[in-house]
Amino acid sequence: MRNKIFLYLFIFTALFVLFQFMNAKKAKESYDAKIENLQDRIKEQDSLKTAVIDSLIEVNMDLTYFTLENNEDAVSYFEEMGYESNKLALTISDQIIKQNKPGKDNPIVPFVGMEGNMAINKVRLLNHKWIIADFTDGVYWGELFISYDVREDGVVDFEVEKSFLYPKS
């Protein structure tokens, strides 16, 4: 009788071990499939990120095409005059924006403020001769195309070439 109990116990243990082995094998295959699926998704996301980054780099290059920093001819023009282009660009932008005074319109803007004072908000130096600027009085806004010249004595002369005021919608 003891032999039969040990035999049944041995068979039960063998079946239990076989069951555990098969269950573990199925679980491993399931986990491997999930891991492979997640790795494929990660690869897709990486390729998408790479595409987006490449696209953003291209857009950035397009946006910075007309800037003083990326115009080698304009930079060399200022270097020949003895100026560092980055510092000069900041100085020119500051000179334009510094003309925004409380209670007064900016004298560079050829429009009188209707709902407040006209002030220049943003300035972009395109090259060694041209600037684009944005202005507003809080309700009305517009843009300026300014030509400038840096004289030998370091004084900057500004001349508004074109300007327009957007119609109020």
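I will try to describe carefully the structure that is included in this document. The model shown is predicted, which means the values in this text are computed figures rather than measured ones.

Reading the values: the criteria
- Residues numbered from 1 in each chain as written.
- Predicted model: local features only at pLDDT ≥ 70, side-chain atom pairs only at ≥ 80, totals over all residues.
- Heavy atoms only, no water.
- Helix = DSSP H or I, 4+ residues; strand = E, 2+ residues; numbered from the N terminus.
- Expected span 1.5 Å × (residues − 1).
- Contact = heavy atoms within 4.5 Å.
- Pairing = 2+ DSSP bridges.
- Axes fitted to C-alpha atoms, helices over the stretch in contact; angles between N-to-C directions.

## What to know about helix H3 (residues 85-98)
- With 14 residues, H3 extends 19 Å between its outermost C-alpha atoms, agreeing within 8% with the 20 Å of an ideal straight helix rising 1.5 Å per residue.
- On its buried side, H3 packs onto helix H2 (72-81), strand E1 (119-125), strand E2 (130-136), strand E3 (141-150) and strand E4 (156-165).

## Comments concerning the pairing of E1
- In the sheet, E1 pairs with E2 via six bridges, with the strands oriented antiparallel. When the bridges of E2 are listed, Val123 appears paired with Ala133.
- What sits between E1 and E2 in their antiparallel hairpin is a turn of four residues.

## Focus on the sheet that holds E2
- The antiparallel open sheet is built from four strands, whose spatial order is E1-E2-E3-E4. A single partner strand is all that each edge strand has here, and the edge strands are E1 and E4. Neighbour-to-neighbour, the strand axes of this sheet turn through a mean angle of 25 degrees, independent of strand direction.
- Note: E2 against E3, seven bridges, orientation antiparallel. The partner of Asp134 across the bridge, within E3, is Glu143.
- Contacts from H3 reach E1, E2, E3 and E4, with the element oriented near 160 degrees to E1.

## Overview of the pairing of E4
- In this structure, E3 lies alongside E4, joined through nine bridges in antiparallel fashion. Considered in E4, the bridge of Glu143 is made with Phe164.

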